[in-house]
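Residue-level structure breakdown
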Amino acid sequence: MKRITLNNILIPIILTMTINTLAQAAERLPVIPPSQYTEEQKKAAEEFLATRKVPVFGPFEPLMHSPQVMSQARAMGDYLRYQSALGTTLSELVILITAREWSQDYEWYVHHPIALKAGIKPEVTAAIADGRRPTGMTDDEEIVYDFSMELHKNKRVSDRSYERAEKRFGKKGIVDLTGINAYYTLLAMQMNVAQYQIPKDGKKLVRFPE
């Protein structure tokens, strides 16, 4: 499975966003200018920069209103995003599924190009965006898709889907797969609550009927 590095994909996206972020920030949990950080926020931001090699961005900006939560979320993401038992490609598929289920525009905006770069087929991502079950998935993608969709839709996972995932990825993989779904749900929830905006060049996901 391919490993996608932060430096060659995410940094250009972050730089593009930074230009527009403060102007577009939602009123609910507005982006805090670094010059206005408290000592606790400064420490959290410094740790973020040291670990991620970029300043605080995206979902971590509204989280900065509670810097300890932000730091804990960042630490969990360090593992789930880059070191999980699923590998980067399948992780990106899970992230897109989660972004679609929560209609989280920013999460999709950032991870859609990364998923394509990682090897997820455009027709697979297009189907997810439309709310359709993709065709032409690999066996591993089907296992991850079924597990994740059941978890989001049914709040449970069937024995069949669990057993397929455990046979392929092991118990550690089950925990990591569940964790990725949960982690990106957390970020999606935070951004939806904050009404966090995507850059001007971003395209919003179509909203599903209630």
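Just so we're clear, the structure is a prediction, and the values are computed from it rather than from any experiment.

How each quantity is defined
Residues numbered from 1 in each chain as written. Predicted model: local features only at pLDDT ≥ 70, side-chain atom pairs only at ≥ 80, totals over all residues. Heavy atoms only, no water. Helix = DSSP H or I, 4+ residues; strand = E, 2+ residues; numbered from the N terminus. Areas by Shrake-Rupley, 256 points an atom, 1.4 Å probe, with all protein chains shown as cover. Salt bridge = Lys/Arg side-chain N within 4 Å of Asp/Glu carboxyl O. Buried < 20%, exposed > 50% of the residue type's maximum accessible area, 1.4 Å probe, protein only. Lys, Arg positive; Asp, Glu negative; His and termini not counted. Polar contact = N/O pair within 3.5 Å; in protein donor to acceptor, adjacent residues only side chain to side chain. Axes fitted to C-alpha atoms, helices over the stretch in contact; angles between N-to-C directions. Parallel < 35°, antiparallel > 145°, perpendicular 65-115°, else oblique. Left-handed = near helix turned anticlockwise from the far one by under 90°. Contact = heavy atoms within 4.5 Å. Nonpolar A, V, L, I, M, F, W, Y, C, P; charged D, E, K, R; others polar. Expected span 1.5 Å × (residues − 1). Core = buried A, V, L, I, M, F, W, Y, C linked by side-chain atoms within 4.5 Å. pLDDT = per-residue confidence, 0-100. Phe/Tyr/Trp six-rings, centres within 6.5 Å; stacked < 30°, edge-to-face > 60°. Lys NZ or Arg CZ within 6 Å of the ring centre and 35° of its normal.

**A short note on the overall build of the protein chain**
For the protein chain, the helix and strand inventory stands at nine helices and zero strands. Within the structure as shown, the protein chain displays about 10800 Å² of accessible surface, and the carbon and sulfur contribution to it stands at 55%.

**What about the pattern of salt bridges?**
Oppositely charged side chains can pair when the atoms bearing their charge come close. Scanning the entire structure with this criterion turns up 11 salt bridges. The salt bridge involving R164 is made with D146; its shortest N-O contact spans 3.4 Å. Taken as a pair, R164 in helix α9 (residues 159-194) and D146 in helix α8 (residues 139-154) lie far apart in primary sequence, 18 residues in all. Classification of R164 by relative accessible area gives partly exposed; the value is 24%. For E166, the salt bridge identified is with K171, shortest N-O distance 2.5 Å. Residue class for K171 comes out exposed when judged on its relative accessible area of 58%. Several salt bridges share partner residues, and in doing so they unite R52, R74 and D78 into one network.

**Describing the side chain of E61**
Secondary-structure assignment places E61 in helix α3 (residues 60-63). Of the side chains with opposite charge, R52 comes closest to the buried, unpaired E61, at an N-O distance of 13 Å. A distance of 2.4 Å separates the side chain of E61 from the side chain of Y196, its partner in a polar contact.

**Quick look at the packing of helix α5 (residues 88-101) against helix α6 (residues 105-118)**
Packed helix pairs are specified by the crossing angle of their axes together with the interaxial distance, meaning the distance between the axes. Running from N to C, α5 and α6 cross one another at 150 degrees; their axes reach a closest spacing of 9 Å. Considering their axes alone, α5 and α6 lie roughly antiparallel with respect to each other. Relative to α6, α5 is oriented so that their crossing is left-handed. Listed contacts from α6 to T89, E92, I95, L96, T98, A99 and R100 of α5 are E107, W108, H111, H112, I114, A115 and A118. Split into classes, the residues belonging to the contact of α5 with α6 amount to seven nonpolar, four polar and three charged.

**So, helix α4 (residues 67-82)**
Between its first and last C-alpha, α4 extends 22 Å over 16 residues, near the 22 Å set by a 1.5 Å rise per residue. When we look at burial in α4, the residues that qualify are P67, M70, S71, A73, R74, G77, D78, L80, R81 and Y82.

**So, the nonpolar core**
Formed by 51 residues in total, the largest nonpolar core has its most connected members in V56, M64, M70 and V144. When contributions to this core are tallied by element, the ones reaching two or more residues are α2 (39-52), α3, α4, α5, α6, α7 (122-130), α8 and α9. Here M64 is in contact with I32, Y37, Q41, A44, A45, V56 and M70, once residues within four sequence places are set aside.

**Examining the side chain of N181**
Locating N181 in the fold gives a position in helix α9. Side chain to side chain, N181 and S148 meet in a polar contact 3.0 Å long.

**Observations concerning the confidence of the model for the protein chain**
Per-residue confidence for the protein chain averages 91 on the pLDDT scale, and 87% of its residues sit at or above 70. For residues 18-23, every residue scores under 50 in pLDDT, and the model assigns this stretch six contacts once sequence neighbours within four places are set aside.

**Some words on the packing of aromatic side chains**
What the rule picks out here adds up to five aromatic pairs. Centre to centre, the rings of Y106 and Y196 are 5.2 Å apart; their planes meet at 90 degrees, and the pair counts as edge-to-face. One end of the pair, Y106, is in helix α6; the other, Y196, is in the segment after α9, and 90 residues separate them in sequence. Here Y106 matches Y196 in class, with each residue buried. Plain terms: the ring middles of Y183 and Y184 are 4.9 Å apart, the flat faces sit at 85 degrees to each other, and that makes the pair edge-to-face. Across the pair, Y184 and Y183 agree in class, each one buried. Taken together, the aromatic side chains of F48, F57 and F60 make up a single cluster linked through ring pairs. Here R100 stacks its cationic end above the ring of F208, 3.7 Å away from the centre of that ring.

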